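Per-entry structural report
In case you want the letters, here they are:
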Amino acid sequence: MSFANIFCWQDSYHSMVAQLHGWLLIRFTTDDNQTAYMQPVGSGDEIAALEALAADAEALGTPLRLFGLDEHWKGIVERHCGDKVAFHASPSHADYIYLSKDLATLPGRKYQPKRNFINRFTSRYSYDFKAITADNLEDCLYLNRIWCDQKGVKSTDPEQLALRRAFDNFLSLNLRGWILYADSTPAAFAMGSEINHDTFCIHIEKCDAIFEGASAMINNLVATELTEQYRYINREDDLGLEGLRRAKQSYYPTIMLTKHSALQLTAAEADMRQLWHDTFGDDLTTIDHFFIRLYNPARCFTHSINNRTVAMLHIVPIVENGEQNGYIYAVATAPKFRGQGIASDLIHRAIDSVQKGGIYNHLLLIPANEQLVSFYKKFGFEPTGELFTQPQNITDYDLGSGNSAQDFVMRRKIL
């Protein structure tokens, strides 16, 4: 919700803001190129603010998607939209919030490993710690290039575009930052902005891996710098990345700030949610997670009878070893309509769509049993003998069947 974040990530999310009757409304584009909104900020008639977002979404021909909802706004959406709304709170999106004095003093046994890293750093290097200014901005950019080389990150990566915007507008955004030198060489830098009177947010932190303990050192020095003015330090979320999650948990957050996402469902999507539950037995939490995280109407194929959705098939874009593929998922037909060729029609439509799209190299799926292996062979899918592995681009939703030892993949070449 900080202005610096909204501005710096503009190349990725194309955010727009509006003021309406005392409310600040924020619209943006998701990674999946869908329109979404943050919860309204301000005071006044909350239902009017929510309905304004719904009207804007309708005018754009898109469902109402909301992100970053706190418990209060989740309750408003729930009461106003009834059961035609999907909710999910992904652990990947929760903010890690720490007491600044804990990060500055590292008290007690649980922080001993951090103190050890700091001691190793101070014993090995002569260090200097400075505020980022125009005089040392180039040192930060140099260090960032080192970090990119170490991580194999390209300059066109979304985070890199955001970082460039931050440096280009450092003073205008009221950003504060610090750089750590080890033996006169840039070893780490961090920058962020004030969220409110008692919370400072760290937006970006980079370290040169060659300097052991640099991460713990700059974390501690920045907290020491901030602790007199700010009670809390928000270090944002972990993006579902296991290594980042372990690192942030190792500092023992005082608050894990849960943020809910919501999607207003059409009647057909509500039917699909019920069909999913009846077919696979998953609970609504799991189903709603899919609808909010991975569902896209343009990649969903359905069959309706008497205005009710009785069959569905979803395609999820996945990345495997740098290759763009499509994963056929949650194929389901209501029991009374099975054996009528409906699923076959959905598969033909899906294959025809991806062939015309020219995006995916392969389509793949996991057959639930041997009978389905024969069924999918009719459409050009061949068993590979390989077990399904979680795609590189999806970190917070398990696309497997729940029994990884039996998740053998079938593939069909497209390109």
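Just so it is clear, the model here is predicted, and its values are computed rather than measured.

1. Regarding the sheet that holds strand β8 (residues 127-131)
Hydrogen bonds between backbone atoms are what pair the strands of a sheet, whose relative direction is either parallel or antiparallel. Taken together, the seven strands give an open sheet; going across it, the order is β8-β9-β10-β11-β12-β7-β13, and neighbouring strands pair in mixed fashion. For this open sheet the edge positions go to β8 and β13 (255-257), each flanked by a neighbour on one side alone. Taken over all neighbouring pairs, the strand axes of this sheet differ in orientation by 25 degrees on average, direction set aside. With three bridges joining them, strand β7 (residues 95-99) and strand β12 (residues 232-234) adopt antiparallel strand pairing. Looking across to β12, one finds that I97 is bridged to N234.

2. Regarding unusual backbone geometry
The phi dihedral of S184 falls on the positive side, at around 70 degrees, and the residue is not glycine. If you trace the backbone, S184 turns up in the loop between β9 (176-182) and β10 (185-196).

3. With respect to a nonpolar patch on the surface
Residues M1, V17, L24 and V41 make up a contiguous nonpolar surface patch of roughly 330 Å² in combined accessible area. The residue M1 is located in the segment before α1 (3-8) in this model.

4. Some details on the nonpolar core
Among the nonpolar cores identified, the biggest contains 52 residues, and F381 and L399 are the most heavily contacted of them. Dropping the residues within four chain positions of it, F381 is found in contact with I328, I347, I351, L363, L364, L365, Y376, M410, R411 and R412.

5. Points about the sheet that holds strand β17 (residues 323-333)
Strand order in the open sheet made by the six strands is β15-β16-β17-β18-β20-β19, with mixed pairing throughout. The two strands at the open ends of the sheet, each matched to only one other strand, are β15 (300-305) and β19 (382-387). Each neighbouring strand pair of the sheet contributes to a mean axis angle of 30 degrees, computed without reference to strand direction. Sheet topology places strand β16 (residues 308-320) next to β17; nine bridges connect them, and they run antiparallel. Looking at β17, one finds that I315 is bridged to I328. Here helix α11 (residues 267-280) sits on the sheet and contacts β15, β16 and β17; the angle it forms with β16, its principal contact strand, is near 80 degrees.

6. Side note on the packing of helix α7 (residues 137-151) against helix α8 (residues 158-168)
Viewed as axis vectors pointing N to C, α7 and α8 meet at an angle of 175 degrees, and their least axial separation amounts to 12 Å. With respect to their mutual orientation, α7 and α8 come out roughly antiparallel. Contacts between α7 and α8 involve L137, C140, L141, N144, W147 and C148 from the first element and E159, Q160, L163, R164 and F167 from the second. Tallied by class, residues from the contact of α7 with α8 come to seven nonpolar, two polar and two charged.

7. A short note on the packing of aromatic side chains
Evaluated as defined, the whole model comprises 26 aromatic pairs. Each ring, one from F200 and one from Y230, has its centre 5.5 Å from the other, and the planes form 50 degrees; the classification is tilted. Of the two residues, F200 is situated in strand β11 (residues 199-207) and Y230 in the loop between α9 (214-226) and β12; the sequence distance between them amounts to 30 residues. The same class applies to F200 and to Y230, which are both buried. Pairing Y376 with F381 gives two aromatic rings, centres 6.1 Å apart and planes at 70 degrees, and the pair type is edge-to-face. Residue classification places Y376 among the buried positions, given a relative accessible area of 7%. The structure contains a cluster of three or more aromatic residues connected by ring pairs, namely W276, F280, F290, F291, Y295, Y327, Y329, F388 and Y397. Residue placement shows K74 over the ring face of F87; its charged tip is 4.7 Å from the ring centre. The ring of F117 has R120 sitting right over it, with the charged end atom 4.7 Å from the ring centre.

8. Some details on α11
If you check α11, its first and last C-alpha atoms are 20 Å apart, about what 14 residues at 1.5 Å a residue would give, namely 20 Å. For α11, the full list of buried residues reads E269, A270, D271, M272, R273, L275 and W276. Lining the buried residues of α11 we find β6 (85-88), β14 (260-264), α12 (284-293), β15, β16 and β17. Two residues or fewer after α11 comes G281, characterised by a positive phi angle close to 80 degrees.

Procedures and definitions
Residues numbered from 1 in each chain as written. Predicted model: local features only at pLDDT ≥ 70, side-chain atom pairs only at ≥ 80, totals over all residues. Heavy atoms only, no water. Pairing = 2+ DSSP bridges. Helix = DSSP H or I, 4+ residues; strand = E, 2+ residues; numbered from the N terminus. Axes fitted to C-alpha atoms, helices over the stretch in contact; angles between N-to-C directions. Patch = residues over 30% accessible without salt bridge, like charges linked within 9 Å, V, L, I, M, F, W, Y side chains within 5 Å. Areas by Shrake-Rupley, 256 points an atom, 1.4 Å probe, with all protein chains shown as cover. Salt bridge = Lys/Arg side-chain N within 4 Å of Asp/Glu carboxyl O. Core = buried A, V, L, I, M, F, W, Y, C linked by side-chain atoms within 4.5 Å. Buried < 20%, exposed > 50% of the residue type's maximum accessible area, 1.4 Å probe, protein only. Contact = heavy atoms within 4.5 Å. Parallel < 35°, antiparallel > 145°, perpendicular 65-115°, else oblique. Nonpolar A, V, L, I, M, F, W, Y, C, P; charged D, E, K, R; others polar. Phe/Tyr/Trp six-rings, centres within 6.5 Å; stacked < 30°, edge-to-face > 60°. Lys NZ or Arg CZ within 6 Å of the ring centre and 35° of its normal. Expected span 1.5 Å × (residues − 1).

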